[in-house]
Amino acid sequence: NATDVDVIASDPLVASPCDPCQGGEVANPELVIDAAAEVLGNGTWTCGVIFQVFSSGLESESETCGFLTEFSYLCGCNDGVRSYLGADTLEKQAVLAWLFRSSGFL
């Protein structure tokens, strides 16, 4: 009896699969992400299950993959450090942080 997770994980139609940890290892595969149930549906969603499902069953350019990649630090990806939308230096991260703050004044 296949579960929804099994069906999604075995989808052969995905040409460019999602890689939320961007080639890295999931440091905390047993960690339960409670908020995932709101986005992904009812059930117990651990980091390991989320990454197993979405590494092969979701397009890398999809909105859901972007969401998972942005919050993958919760599972230990990127050494547990949030990526700041791909900003790879402290200067870029500071610019992104201040963009939101300064736009509030406009």
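Structure: above.
The sections below set out a description of the structure shown in this document.

What counts and what doesn't
Residues numbered from 1 in each chain as written. Predicted model: local features only at pLDDT ≥ 70, side-chain atom pairs only at ≥ 80, totals over all residues. Heavy atoms only, no water. Helix = DSSP H or I, 4+ residues; strand = E, 2+ residues; numbered from the N terminus. Contact = heavy atoms within 4.5 Å. Phe/Tyr/Trp six-rings, centres within 6.5 Å; stacked < 30°, edge-to-face > 60°. Buried < 20%, exposed > 50% of the residue type's maximum accessible area, 1.4 Å probe, protein only. Polar contact = N/O pair within 3.5 Å; in protein donor to acceptor, adjacent residues only side chain to side chain. Disulfide = S-S within 2.5 Å.

The next subject is the overall build of the chain. Secondary structure assignment for the chain yields five helices and zero strands. Each helix and strand of the chain, ordered N terminal to C terminal, gives the series α-α-α-α-α. By sequence separation, contacts in the chain at least 24 residues apart represent 56% of the contacts at least 6 residues apart.

This part is about the packing of aromatic side chains. Applying the stated criterion across every chain, the model contains two aromatic pairs. For the ring pair F67 and F71, a centre distance of 5.1 Å and an interplane angle of 50° mean the geometry is tilted. With a relative accessible area of 39%, F67 lands in the partly exposed category. With a centroid separation of 6.4 Å and 35° between ring planes, the pair formed by F71 and Y73 is classed as tilted. Each member of the aromatic cluster is reached from another via a ring pair, and the members are F67, F71 and Y73.

Within the element layout of this structure, T46 appears in the loop between α2 (36-40) and α3 (47-57). A relative accessible area of 13% places T46 in the buried class. In this structure the side chain of T46 is engaged in a polar contact, spanning 3.4 Å, whose partner is the backbone oxygen of P29. Other than its neighbours up to four places away in sequence, T46 contacts P29, E30, L31 and V32.

On to the state of the cysteines, then. Covalent bonding between the sulfur atoms of two cysteines is what defines a disulfide. Evaluated as defined, the whole model comprises three disulfides. Paired through a disulfide, C18 and C65 show a sulfur-sulfur distance of 2.1 Å. Between C18 and C65, the disulfide has an S-S torsion of 85° and is therefore right-handed. In this pair, C18 sits in the loop between α1 (4-9) and α2 while C65 sits in helix α4 (residues 63-70), placing the two residues 47 residues apart along the sequence. Using a relative accessible area of 1% as the deciding quantity, one classes C18 as buried. A residue is classified by how much of its surface remains accessible, and C65, at 3% relative accessible area, is buried. Here the disulfide map of the chain reads 1-4, 2-6, 3-5, the bonded cysteines being numbered as they appear in the sequence.

On their own, these measurements won't tell you what the molecule is for.
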